[in-house]
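# Summary of structural features
Listed below are the residues making up each chain.
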Amino acid sequence: AGGPLAAVEPAAPVGYTLGGLGALFAAFGLRTAFRHASRIELSPEGIALAGPLAIRLPWDGITGLSLRYYSTQRDRRGGWMQLRLRRRGRALVIDSTIEGFATIVRAATEAAARNGIVLGDATRTNLFALGIEPPEPRRPKRDTLHMQS
């Protein structure tokens, strides 16, 4: 019981490799458990991730939005998207595997436009792929670092 590695002392490089792989799988398992224990909540005030790693972002506080596509095939037919919302050094990342992803992206995109956030070309292309017309920013975002008092 325990397999062949339990009967012999593996060489140091093999042991380090197996230990590293074990740590990687443990981290992935924890991440998966946290995701299954979490849920996304949309409200008129903002978006929140409820669960073990809770985060709340008010719509008027979002300072960045990106929507990226990760392909699993060379012909780019298979893959997933990832929405990243930022606010003061914090980020909320949502994968397209979640139910209602397009609704979340649409609400976040409208908030970004209200906040004057200019979207990158890749984000705009990915919004079109979801059937969402990227709105133009409604007011320029002020640079608070260079404002005079």
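Data block above holds the structure.
The paragraphs below set out a description of the structure included in this document. (Residues numbered from 1 in each chain as written. Predicted model: local features only at pLDDT ≥ 70, side-chain atom pairs only at ≥ 80, totals over all residues. Heavy atoms only, no water.)

## Focus: the side chain of serine 66
Threshold: Secondary structure elements are defined from DSSP: runs of H or I of at least 4 residues count as helices, runs of E of at least 2 residues count as strands, and each element is numbered from the N terminus. By definition, residues are in contact when any of their heavy atoms lie within 4.5 Å.
By the element assignment, serine 66 lies in strand E4 (residues 64–71). With sequence-adjacent residues up to four places away left out, serine 66 is seen in contact with Gln82, Leu83, Arg84, Arg86 and Thr123.

## Points about the packing of aromatic side chains
Just so we agree on the cut-off: Ring pairs shown here join Phe, Tyr and Trp side chains whose ring centres sit within 6.5 Å, with only the six-membered ring taken for Trp; geometry is labelled stacked below 30 degrees between planes, edge-to-face above 60, and tilted in between.
Counted according to the given criterion, the structure contains 1 aromatic pair. Taking the centre distance of 5.5 Å and the plane angle of 25° together, the rings of tyrosine 70 and tryptophan 80 count as stacked. Of this pair, tyrosine 70 sits in strand E4 while tryptophan 80 sits in strand E5 (residues 79–87); the two residues are 10 residues apart in sequence, bridging distant segments of the chain.

## Re the environment of isoleucine 47
If you trace the backbone, isoleucine 47 turns up in strand E2 (residues 46–50). Separated by 10 residues in sequence, isoleucine 47 and leucine 57 place their C-alpha atoms 5.4 Å apart. Beyond its immediate stretch of four places on either side in the chain, isoleucine 47 contacts Ile40, Glu41, Leu42, Ile55, Arg56, Leu57, Trp59, Leu85, Leu92, Ile94 and Ile104.

## Observations concerning the pattern of salt bridges
Filter applied, for reference: Salt bridges, as used here, are contacts in which a Lys or Arg side-chain nitrogen is within 4 Å of a carboxyl oxygen on Asp or Glu. Any residue under 20% of the maximum accessible area for its type is buried, any over 50% is exposed, and the rest in between are partly exposed; the area is computed with a 1.4 Å probe on protein chains only.
Applying the stated rule across the entire model yields 2 salt bridges. One salt bridge in this structure joins glutamate 136 and arginine 124, with 3.4 Å as the shortest N-O distance. Of this pair, glutamate 136 sits in the segment after helix H4 (121–129) while arginine 124 sits in helix H4, and the two are 12 residues apart along the sequence. Taking relative accessible area as the criterion, arginine 124 reaches 22% and is therefore assigned partly exposed.

## Here we look at H4
Where we set the bar: Directions pointing from the helix axis toward each C-beta atom define the arc.
Among all positions of H4, only Thr123, Asn126 and Leu127 are buried. One face of H4 carries all of its buried residues, which in axial projection span an arc of 105°. Along H4, exposed side chains directed more than 90 degrees from the buried face belong to Asp121, Ala122, Thr125 and Ala129. Looking at the buried residues of H4, the elements they touch are E4, E5 and helix H3 (101–114). Glycine 131 lies just past H4 and shows a positive phi near 85°.

## So, the nonpolar core
Selection rule: Nonpolar cores were defined as sets of buried Ala, Val, Leu, Ile, Met, Phe, Trp, Tyr and Cys residues, with membership established by side-chain atoms within 4.5 Å.
Judged by nonpolar contacts, the single largest core of 23 residues is most densely connected at Ile47, Leu83 and Leu85. Of all the elements in the fold, those that place two or more residues in this core are E2, strand E3 (55–58), E4, E5, strand E6 (90–95) and H3. With 6 residues, the single largest contributor to this core is H3. Those residues within four positions of leucine 83 in sequence are excluded, and the remaining contacts are Leu65, Ser66, Leu67, Leu92, Val93, Ile94, Phe101, Ile104, Val105 and Ala108.

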